[in-house]
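Structural overview
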Protein chains: 2
Amino acid sequence: MMTFDEIAAFLKDESVNNFIILTHKSPDGDTLGSGFALCRVLKSMGKKVKVLGSDGFPDRYSFLYDGYSEDSWQDTEPHKVIAVDIADTMLMGKNLEYYTHPGTVDLCIDHHVSNKMYAKQTYVDAKASATGLVLFELFGFMEIDIDKQTAVCLYTAIATDTGCFKYENTTPRAHIAAAALMEKGVDYTRINRLMFDIKSRRRIEVEQAALAHLDQAVGGRVTLICVTKELLETSGADEAEISGLSAVPLTVEGTDVGITIRYKDDDRYKLSVRTTDKADASAICKEFGGGGHIRAAGCEICAPLDEVKRMITESAQKHLS
Amino acid sequence: MMTFDEIAAFLKDESVNNFIILTHKSPDGDTLGSGFALCRVLKSMGKKVKVLGSDGFPDRYSFLYDGYSEDSWQDTEPHKVIAVDIADTMLMGKNLEYYTHPGTVDLCIDHHVSNKMYAKQTYVDAKASATGLVLFELFGFMEIDIDKQTAVCLYTAIATDTGCFKYENTTPRAHIAAAALMEKGVDYTRINRLMFDIKSRRRIEVEQAALAHLDQAVGGRVTLICVTKELLETSGADEAEISGLSAVPLTVEGTDVGITIRYKDDDRYKLSVRTTDKADASAICKEFGGGGHIRAAGCEICAPLDEVKRMITESAQKHLS
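Per chain, the residues get numbers from 1 upward, laid out in the order the sequence is written. Both sets of labels track the order of writing: A upward for chains, 1 upward for ligands. Residue-level local features of this predicted model are given only where pLDDT is at least 70; pairs of side-chain atoms are given and counted only at 80 or more, and the full residue set underlies all totals for whole chains, interfaces and linings. Side-chain measures were taken over the full set of non-hydrogen atoms in the model, leaving aside hydrogen atoms and water.

**Looking at the state of the cysteines**
All names here are of chain A. For this text, the term disulfide refers to a pair of cysteine sulfurs within 2.5 Å. Here the structure, examined in full by the defined rule, presents zero disulfides over all chains. Residue Cys 108 stays outside any disulfide, its sulfur separated by 18 Å from that of Cys 39, the closest cysteine. The rule is simple: take the accessible area with a 1.4 Å probe, protein chains only, and divide by the maximum for that residue type; under 20% is buried, over 50% is exposed, in between is partly exposed. Given the relative accessible area of 0%, Cys 108 is considered buried.

Here you go:
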């Protein structure tokens with residue numbers, strides 16, 4: 001593991017003028033906020049920077065890369081590669097496949113305990129709520145006076161990964177960073193509305209339809225919703241709109257296990273399981289060869305829908321404390 | 001306006017052993033969190049305390065008054081009355097009517113700019129996100145080492161009034177307080193789930209039904225939902241469940257004016273208007289004799305439903321920038 005001193009030396013190294021920053025596929029606020037914050041700080045140090053992402057950068061996050069332009073340099077010039085918020089080369093995506101090869105990434109800055117240590121050098125702080133929080137503290141250590149737009153990037157990184165300071169991974173450090181970043185004039189009202197409140201009409205319609213198929217079992221402690229074949233075919237909802245539904249069943253009062261069942265093909269269903277501290281989602285999914293985290297896990301079951309419901313409910317009941 | 005020094009002297013006064021704390025009607029996390037936090041601190045100073053609220057204390061907030069028991073004293077003993085988070089005697093409610101009389105409230109601690117200064121002495125900090133934040137800072141000033149349960153009360157007060165650090169009224173001070181309160185061992189994951197994520201099944205059904213009547217105008221910038229007579233009669237939803245719907249229309253992508261129309265009686269509708277920074281909700285409602293705040297206001301219109309929709313949409317369009 002590197003130290004902040006060593007990262008600072010790496011970034012300041014006068015023999016290197018060019019940096020490539022890698023962000024993960026299906027980009028979120030943390031990888032993009034971290035990537036563009038680091039980009040701005042490097043540029044302010046006179047470096048040339050390219051920020052890369054396999055899936056491009058979604059419009060939804062355009063306020064993070066407002067004013068960004070990719071620098072260029074001669075192929076003969078040396079450059080260094082930094083991955084931000086990428087725990088595993090598998091998360092780089094198709095268009096960044098080159099960087100999955102050993103020795104291509106010089107430095108990885110991350111907060112996932114599951115980091116695969118694929119880079120030449122790695123800084124992982126698994127107790128940090130977000131990679132953006134690691135960078136905030138690094139820039140403070142380096143005595144860099146960050147500007148408003150960099151603060152926007154870091155605030156968004158921390159806010160999105162903590163569900164606006166709501167989730168278990170929120171820490172006093174995250175709140176203290178938010179306080180300091182807000183002092184830079186971040187328009188947090190607009191950012192929070194954009195990140196947490198707004199839903200597309202299509203997303204609302206899909207949620208409506210899925211909630212219409214709400215089932216409850218075990219005295220209401222297990223709540224299931226279904227994304228049926230018909231709904232997938234008629235709604236025109238995209239992947240993000242569908243996967244966003246996974247959080248819905250656990251919001252129903254009294255629920256300890258929230259299950260979202262999604263049609264894949266005939267008699268094959270993909271299940272997403274979310275739990276409170278009363279059950280282990282990963283144990284529930286392991287019964288069907290799946291896995292994940294203690295509060296969020298997934299699996300697939302090949303069976304008719306009614307049978308799928310019965311099987312997952314049985315497993316949920318077994319693992320409920 | 002009092003100073004923290006004067007409030008400290010008021011609370012510590014050795015000639016007064018008994019305190020009544022008033023909370024506002026339709027109690028929320030701030031008035032209850034503030035009330036019970038102050039109660040605990042006064043009790044730790046050896047005082048006897050009663051916390052009063054016109055509507056009692058809802059089950060939803062039971063974690064705030066866990067272990068609380070009302071003290072009693074002889075009628076002949078003197079006592080002092082403190083109102084927390086009550087901007088106006090009108091907000092005290094029926095069962096606290098006695099305290100609406102001048103001279104009955106000794107001290108009011110509040111954060112509403114609209115405070116009517118009805119108490120003998122008042123401390124209002126309109127820049128504080130919550131009354132709980134004022135108390136957190138007061139206790140810090142008094143060098144009181146608050147315990148975990150008091151921290152639970154103050155965290156909840158601040159988190160609920162800021163929509164979990166999401167709304168415009170969130171400040172660096174609020175984040176710094178949250179950081180310090182979390183250090184006391186507050187189970188913020190459970191509190192935040194309870195306060196922000198969970199919805200009753202009935203609330204979900206009402207929201208579903210209201211969203212089924214979603215209308216959009218002015219290119220999607222105005223979004224309307226309706227709580228119809230039929231919905232009110234069949235859903236069995238309570239006041240809180242219905243009024244919670246007011247936030248829904250503004251969550252639809254592209255919306256700058258979100259309007260919730262609620263049936264009152266034949267050809268009489270109550271309207272709730274929420275806006276982004278692109279329109280003044282209070283100006284929109286003023287056209288119909290209503291009023292409120294710049295981002296949230298209300299009015300009543302007596303007309304058939306279609307006419308009500310046309311009139312409010314016209315006013316919204318006029319005031320959209």
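**Focus on the sheet that holds strand 9 (residues 268-275) of chain B**
All names here are of chain B. For two strands to be treated as a pair, DSSP must find at least two bridges joining them. Every helix listed is a DSSP run of H or I at least four residues long, and every strand listed is a run of E at least two residues long, numbered separately from the N terminus. Read across the sheet, six strands follow the order 6-7-8-9-11-10 without closing on themselves; strand pairing throughout is mixed. The sheet is open, and its two edges are formed by strand 6 (215-217) and strand 10 (291-292), each paired on a single side. Bridging between strand 6 and strand 7 (residues 222-227) involves three bridges; their strand directions are antiparallel. Within the sheet, the bridge partner assigned to Ala 217 lies in strand 7 and is Val 222.

**Comments concerning the pattern of salt bridges**
Residues and elements named next belong to chain A. Salt bridges are identified by distance alone: a Lys or Arg side-chain nitrogen within 4 Å of an Asp or Glu carboxyl oxygen. In total, this model carries 44 salt bridges over all chains according to the counting rule given. The shortest N-O distance in the salt bridge between Glu 241 and Arg 202 comes to 3.0 Å. Taken together, the positions of Glu 241 in helix 9 (residues 239-243) and Arg 202 in helix 7 (residues 201-212) put the pair 39 residues apart, joining distant regions of the chain. A relative accessible area of 34% places Arg 202 in the partly exposed class. Of the charged contacts, one joins Arg 310 and Glu 307 as a salt bridge, the two residues approaching to 2.8 Å between their closest N and O atoms. Here the residue Arg 310 and the residue Glu 307 both occupy positions in helix 11 (residues 305-319), the gap between them amounting to three residues, near one helical turn.

**Remarks on the relation of the copies chain B and chain A**
Superposition of chain B onto chain A requires a rotation of 180° combined with a translation of 0.0 Å along the rotation axis, giving an RMSD of 0.1 Å. The operation mapping one copy onto its partner corresponds to a two-fold rotation axis. The rotation axis passes nearest to the C-alpha of His 175 of chain B in chain B, at a distance of 2.5 Å. Here 100% of the interface residues in chain B have copies in chain A that are interface residues too; the copies meet face to matching face. Here the copies are superposed with least squares, the fitted atoms being C-alpha atoms of residues at a pLDDT of at least 70 in both. By the convention used here, residues are in contact when the closest approach between their heavy atoms is within 4.5 Å.

**A short note on the side chain of Thr 171 of chain A**
When you line up the elements, Thr 171 of chain A lands in the loop between helix 4 (148-161) and helix 5 (172-182). Side-chain polar atoms of Thr 171 of chain A contact the side chain of Ser 129 of chain A, separated by 3.3 Å. Residues within four places of Thr 171 of chain A in sequence aside, it is in contact with Lys 127, Ser 129 and Leu 133 of chain A together with Met 182 of chain B. What qualifies as a polar contact is a pair of N or O atoms within 3.5 Å, subject to a donor-acceptor requirement within protein and to the restriction that residues adjacent in sequence count only when both atoms come from side chains.

**Thoughts on the side chain of Thr 313 of chain B**
All names here are of chain B. Inspection of the secondary structure assignment puts Thr 313 in helix 11 (residues 305-319). For Thr 313, a relative accessible area of 13% gives the class buried. Separated by 2.6 Å, the side chain of Thr 313 and the backbone oxygen of Lys 309 make a polar contact.

**Structural notes on the interface of chain B and chain A**
Contact with chain B, which involves 38 residues of that partner, is made by 38 residues of chain A. Buried surface area refers to the total accessible area, computed with a probe of radius 1.4 Å, that the two partners give up upon joining, counted for both partners together. Interface of chain B and chain A: buried area, both sides summed, is about 3300 Å²; carbon and sulfur atoms make up 55% of it. A per-residue breakdown of the area chain B buries against chain A is headed by Lys 166, His 175 and Arg 201 of chain B, which together make up 18% of the total. Applying the counting criterion to the chain B and chain A interface returns two salt bridges. With a shortest N-O distance of 2.7 Å, Lys 166 of chain A and Asp 197 of chain B are connected by a salt bridge. Counting across the interface, chain B meets chain A through 20 residue pairs in polar contact (both at pLDDT 80 or more). Residue assignment for the side of chain B that touches chain A shows that the elements contributing at least two residues are helix 5 (172-182), helix 6 (188-197) and helix 7 (201-212) of chain B. Basically, the charged four are Asp, Glu, Lys and Arg, the nonpolar ten are Ala, Val, Leu, Ile, Met, Phe, Trp, Tyr, Cys and Pro, and anything else, Gly included, counts as polar. Taken together, the residues of the side of chain B that touches chain A break down into 18 nonpolar, 11 polar and nine charged.

**Digging into the sheet that holds strand 8 (residues 257-265) of chain A**
What the six strands build is an open sheet, ordered 6-7-8-9-11-10 (chain A); its pairing is mixed. Strands at the two margins of the open sheet, each flanked by one partner only, are strand 6 (215-217) and strand 10 (291-292) of chain A.

**Considerations on the pairing of strand 11 (residues 296-302) of chain B**
Residue and element names in this part refer to chain B. Residues Ala 297, Cys 299 and Ile 301 of strand 11 are buried on one face, while the alternating residues Ala 296, Gly 298, Glu 300 and Cys 302, pointing to the opposite face, are not. For strand 10 and strand 11, the ladder comprises two bridges, and the chain directions are antiparallel. Of the residues in strand 11, the one forming a bridge with Gly 292 is Ala 297. Connecting strand 10 to the next strand, strand 11, in antiparallel fashion are three residues.

**Quick notes on the packing of aromatic side chains**
Think of it this way: a Phe, Tyr or Trp ring, Trp meaning its six-membered ring, pairs with another when their centres are within 6.5 Å, and the plane angle makes it stacked under 30 degrees, edge-to-face over 60, tilted otherwise. In this structure the tally under the stated criterion is 21 aromatic pairs over all chains. Between Tyr 155 of chain B and Phe 165 of chain B, the aromatic rings sit 6.1 Å apart at their centres with planes inclined by 50°, giving tilted as the arrangement. Highlighted residues: Tyr 155 of chain B in helix 4 (residues 148-161) and Phe 165 of chain B in the loop between helix 4 and helix 5, separated in sequence by 10 residues. Note on accessibility: Tyr 155 of chain B and Phe 165 of chain B belong to one class, buried. The lysine or arginine in question, Lys 50 of chain A, covers the ring of Trp 73 of chain A, its NZ or CZ lying 4.6 Å from the ring centre. Only when the NZ atom of a Lys or the CZ atom of an Arg is both within 6 Å of the ring centre and within 35 degrees of the ring normal do we say a charge sits over the ring.

**Overview of the nonpolar core**
Residues grouped as a nonpolar core are buried Ala, Val, Leu, Ile, Met, Phe, Trp, Tyr and Cys residues, joined through side-chain atoms within 4.5 Å. If you look at the biggest cluster of nonpolar residues, it comprises 109 residues, and the most contacted ones within it are Ile 82 and Tyr 155 of chain A together with Ile 82 and Tyr 155 of chain B. Beyond its immediate stretch of four places on either side in the chain, Ile 82 of chain A contacts Phe 10, Leu 11, Phe 19, Ile 20, Ile 21, Leu 22, Leu 38, Leu 42, Leu 107 and Ile 109 of chain A.

**Observations concerning the environment of Leu 271 of chain B**
Here Leu 271 of chain B lies in strand 9. Among all residues touching Leu 271 of chain B, those that are not within four sequence positions of it are Ile 259, Thr 260, Ile 261, Ala 297, Gly 298, Cys 299, Ile 301, Val 308 and Ile 312 of chain B.

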